[in-house]
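# Coordinate inspection notes
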Amino acid sequence: MQSADFERLAIDNTHAYVSICRSCLQFVATAPDLPQLAIAENLHHCSRGVKKPPASVLPGRRQAVSTRF
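Notes on the structure follow. Everything quoted here is computed from the prediction, not taken from an experiment.

With that settled, the discussion passes to the pairing of strand E3 (residues 27–31). Bridge count between strand E2 (residues 16–21) and E3: four bridges; the pairing is antiparallel. The residue bridging Tyr17 from the neighbouring strand is Ala31, located in E3.

Dropping the structure here:
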């Protein structure tokens, strides 16, 4: 992923940088400098692209019938 795919924040008084993925909105890493943060961003695999298909599409799966009255 490119650095534009991440939101980078600098934390005052701690000299640390935080990265958040813009696609899946998950925390990626915190690091003392930007090169280490870039390495962590390269290792991030976004989980937003992997979605489960609806239950009606899965083979061999029967739809549940509601018994509520």
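This model, assessed by the stated rule, comprises two salt bridges. Close ionic contact of Arg22 with Glu7 constitutes a salt bridge, the shortest N to O distance being 2.7 Å. Highlighted residues: Arg22 in the loop between E2 and E3 and Glu7 in strand E1 (residues 6–11), separated in sequence by 15 residues. Here Glu41 and Arg8 are joined by a salt bridge, their closest N and O atoms 2.7 Å apart. Residue Glu41 is found in helix H1 (residues 34–43), and its partner Arg8 is found in strand E1; the two are separated by 33 residues along the sequence. By relative accessible area, Glu41 is classed as buried at 2%. Judged by relative accessible area, Arg8 falls into the partly exposed class, the value being 33%.

Quick notes on the rules
- Residues numbered from 1 in each chain as written.
- Predicted model: local features only at pLDDT ≥ 70, side-chain atom pairs only at ≥ 80, totals over all residues.
- Heavy atoms only, no water.
- Pairing = 2+ DSSP bridges.
- Helix = DSSP H or I, 4+ residues; strand = E, 2+ residues; numbered from the N terminus.
- Salt bridge = Lys/Arg side-chain N within 4 Å of Asp/Glu carboxyl O.
- Buried < 20%, exposed > 50% of the residue type's maximum accessible area, 1.4 Å probe, protein only.

In short, shape yes, function no, at least from these values alone.
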